[in-house]
Amino acid sequence: MAFNASVALSLTNSQLLLVSSIGVCSGFRSSVACNLRCRRLKGDVVSSGSRSRSFGMVTAKAQKIEDHPLLNDSMDNTGDEQVGDVRPKVPERDFTGTAYVPVYVMLPLGVIDMNCELVDPEDLLNQLRILKSANVDGVMIDCWWGIVEAHAPQVYKWSGYRRLFQMVRDLKLKLQVVMSMHECGGNVGDDVHIPLPHWVTEIGETNLDIYFTDREGRRNTECLTWGIDKERVLKRRTAVEVYFDYMRSFRVEFDEFFQDGIISEIEIGLGPCGELRYPSYPAKHGWKYPGIGEFQCYDKYLMKSLSKAAELRGHSFWGRGPENAGSYNSAPHEIRFFRDGGDYDSYYGRFFLNWYSQVLIDHGDRVLALANLAFEGTCISAKLSGIHWWYKTASHAAELTAGFYNSSNRDGYAPIAAMLRKHGVALNFTCFEMRTLDQYEGFPEALADPEGLVWQVLNAAWDACIPLASENALPCYDREGYSKILENAKPLHNPDGRHLSVFTYLRLSPVLMERHNFQEFERFVKRMHGEAVSDSNAI
């Protein structure tokens, strides 16, 4: 799934994964996916939600399925050496008979090209057959707005996706589909670039205010500003009408796959990286971890909304953004607005942050209401990012600039969870795998607390009775990493019986297809399904 940062992968196996405990309320729709990412550069660790991170299209030629060594050997045989460190066996928990947690595998980003054609279908089919041999439940695929409606309004091309879906159906797998209405690419690790539709970027050439804008007037073309949700600036349509038409076209085009139950879930993209947040920390504008980011409300449409809110409050001079909020790479204690006792907690600061965060909630409310119309009867999910740096400060500055009004005297996630509950939408959240102590290795000054953030969001979701799901943030091929996921996917002695609703593995790649790695992966799938494994060193 799912971080907009200029960072690179460089972790040992012991640092790979930790997916936190996740709850599912009885009777609520399950089968949801959470899009996570993580990158490290020079000790930086940051969570990521962008689906435009990680691996590109699998280009290595797959072996014919009948020749693949995996199909001729027992998957319970784990005698081969693992990638990375060789560690002594430690006692494992026995997951036999535990809750069945579905496992999906994310497909490569470039599996569909810019002409909406399936890339290397024969190789992909061979790899899907191998995944099927491991009894995975299905695969996840991004449906990119910039590909499907690329050249003209309401002219949709779904051909490559149809061929892919037919392939998946023939193998009796299921599909998680992401309505990806943001740009893919532009970050370290991105080897695929998928811009917004050409006709949209043409509009942006004459009206730059369709994009999110920072105080210096820099535009972010990754997605459209929420200020045009109700403005008819996209060839006589509003942004939410464009999103609805796109979703409805998909629903009509693939009706048979909905009717047959092949499509099990739709994840709705709600902002940059597909997440419900402002693009407050863009690498393209020079942001580096652990900068606080900047407010992104300076397009003319959002400024008009702010001015109107200030007038209604009776203080028209409040109709402006903060003038002392620093820059992308500032630290809270350096900045008057965010420092302890700073202006964020003044009368004006509280007004502005209330407005800023409400715009985020209102956007999610509008788009998800239409998503429910388009996908009635189908499981729908939405994704939040884990902004864990500066969590141990009073202002929570990085969360504030991203639109989460979660300062030390407020719960910024409960209102979002309530909005999702209103629409029967499940919550995906990032940074489940991260340890707070690990954050102090590279940047102790960031005062990060991913575990505290996860616990807060989990409780907000549980209070709203919203199910959660997860996926690994980093490539994982070893038993130690898989065991961490299992322990947290199915918490031991949980009095409410909470467990992960679904797990999505990131991602299909040549490395996963290597014999010893795939053996461990199949063993992991069995344990997620609550099945016995013959070589378990269980306790």
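Residues numbered from 1 in each chain as written. Predicted model: local features only at pLDDT ≥ 70, side-chain atom pairs only at ≥ 80, totals over all residues. Heavy atoms only, no water.

With that settled, consider helix α3 (residues 159-170). Counted at 1.5 Å a residue, the expected span for α3 with its 12 residues is 16 Å, and the 17 Å between its end C-alpha atoms agrees. All of the buried residues in α3 are Gly 160, Tyr 161, Leu 164, Phe 165, Met 167 and Val 168. Along the axis of α3, the buried positions cluster into a sector of 155 degrees, meaning they face one direction only. Just past α3, the residue Lys 172 takes up positive phi, approximately 60 degrees. (Helix = DSSP H or I, 4+ residues; strand = E, 2+ residues; numbered from the N terminus. Expected span 1.5 Å × (residues − 1). Buried < 20%, exposed > 50% of the residue type's maximum accessible area, 1.4 Å probe, protein only. Arc of directions from axis to C-beta.)

Per the UniProt record, "active site" (unreviewed entry) is annotated on Glu 275 and Glu 471. Mapped onto the secondary structure, Glu 275 falls in the loop between β8 (263-268) and α7 (300-313). According to the relative accessible area criterion, Glu 275 is buried, its value standing at 0%. Within the secondary structure layout, Glu 471 lies in strand β11 (residues 468-471). We classify Glu 471 as buried; its relative accessible area is 0%. (UniProt positions renumbered as here; feature names shortened; annotations may be inferred.)

This part covers the packing of aromatic side chains. Counted by the stated rule, this structure contains 45 aromatic pairs. Considering the side-chain rings of Trp 145 and Trp 199, the 6.5 Å spacing of their centres and the 85 degrees angle between planes classify their relative orientation as edge-to-face. Linking Trp 145 in helix α2 (residues 145-148) with Trp 199 in helix α4 (residues 198-206), this pair joins segments that are 54 residues apart in sequence. Exposure class is identical for Trp 145 and Trp 199. Each is buried. The interplanar angle of 40 degrees and the centroid separation of 5.9 Å between the aromatic rings of Phe 352 and Trp 355 together place this pair among those described as tilted. With Phe 352 and Trp 355 both in helix α8 (residues 347-374), this residue pair falls 3 residues apart, about one helical turn. Across from the ring centre of Phe 258, 4.3 Å away, lies the NZ or CZ of Arg 251, which sits over that ring. Just above the ring of Tyr 348 sits the side chain of Arg 320; from NZ or CZ to the centre is 4.6 Å. (Phe/Tyr/Trp six-rings, centres within 6.5 Å; stacked < 30°, edge-to-face > 60°. Lys NZ or Arg CZ within 6 Å of the ring centre and 35° of its normal.)

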